[in-house]
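Per-entry structural report
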Amino acid sequence: MHISSGRWVYGLFLALLTAFLWGILPIKLKQVLQVMDPITVTWFRLLVSGGCLFIYLASVKRLPSRKALGPRGGWLVLMAVLGLVGNYVLYLMGLNLLSPGTAQLVVQMGPIMLLIASLFVFKERFSIGQGIGLAVLLIGFVLFFNQRLAELLTSLSDYTAGVLLVLLASTVWTFYALGQKQLLTVWNSLQVMMVIYLFCALLLTPWVHPLEALELSPLQGWLLLACCMNTLIAYGAFAEALAHWEASRVSATLAITPLVTFGAVALAAWMWPEYVHAEQINGLGYGGAVLVVLGSVLVALGPSLMAGLKARRMRMA
């Protein structure tokens, strides 16, 4: 099993960087998706990111070795590739039907599912604190969707379909994250991401329409390039954060991503109202978003909080 290096300050910084980049990404993607289909956008992001990593690793003569992977490594690569491809495509399909803030809040289930999966794979315990956090998270979702709760539960509208697609994207993302964390035992984070990106791009190639990029406006073209660089930097930071910090703590830090998105949407709608529209959410919905983030943090950090409380009681006794 992969063991974190213990450099938690560096891991925290990388996790915060990941949360910021993931938080602003939906706003840029929303503009690009007006012209290009989700599969083609995903292909560009993966190909550019994987190509940059290949050039860098080849220049420093640190391309990953197949022999170091071992007999079971191929299955880990396959699991990570299918998980990331499914996450990217399903998320963009859902984002087409939702606002950036809503999509980013729903995709918050990804780190929660990663944590739950880690309970079984990495033999972590599910504490009372995590149970409370999960309850808070669910209450937060109910409050966030208070305006459209009946629609979600009674009809398969575009809004409901978008939520379901993003939930499915979060589920398959868990397989990617688990596979990547184990691959870090034989390759470094850059080598892992290069292999995953290039295999993902190869898998999507039969279904892409690259000439759609010629139909982008200059602004949309720059945003597509920014999305590609966002993919390279954000997932590289995420992979490196997992190498230096426990998965539960990385998950807790990533919980702030929806708040970054809501803040970025509000700022962008104020500065560029002709391009970005403000979120149509009432005060109760924003309160629910905060509860979702708080619940995510409690679920991720529950064991540490309970252990600290128990140790303090023992010292007092």
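Described in the following lines is the structure provided in the data block. (Residues numbered from 1 in each chain as written. Predicted model: local features only at pLDDT ≥ 70, side-chain atom pairs only at ≥ 80, totals over all residues. Heavy atoms only, no water.)

Right, let's talk about the overall build of the chain for a bit. The number of helices and strands found in the chain is 13 helices and zero strands. Each helix and strand of the chain, ordered N terminal to C terminal, gives the series α-α-α-α-α-α-α-α-α-α-α-α-α. Overall, the chain is about 70 × 55 × 35 Å in size when its C-alpha atoms are taken along their principal axes. Here the chain, with 317 residues, has 51% of them falling under the buried criterion. Summarising the internal contacts of the chain: among those between residues at least 6 apart in sequence, 87% fall at separations of at least 24. For the chain, the accessible surface area stands at approximately 15100 Å², while carbon and sulfur atoms represent 72% of it. Of note, the chain has its 18 positive side-chain charges centred 22 Å away from the centre of its 10 negative side-chain charges. (Helix = DSSP H or I, 4+ residues; strand = E, 2+ residues; numbered from the N terminus. Buried < 20%, exposed > 50% of the residue type's maximum accessible area, 1.4 Å probe, protein only. Contact = heavy atoms within 4.5 Å. Areas by Shrake-Rupley, 256 points an atom, 1.4 Å probe, with all protein chains shown as cover. Lys, Arg positive; Asp, Glu negative; His and termini not counted. Charge placed at Lys NZ, Arg CZ, Asp CG, Glu CD.)

This part is about the environment of W245. For W245, the position within the fold is in the loop between α10 (218-244) and α11 (247-254). In sequence terms W245 and C200 are 45 residues apart; their C-alpha atoms lie 26 Å from each other.

Examined against the element boundaries, A269 turns out to sit in helix α12 (residues 257-271). Setting aside residues up to four positions removed in sequence, A269 forms contacts with V276, H277 and A278.

These values are about where atoms sit, not about what they do.
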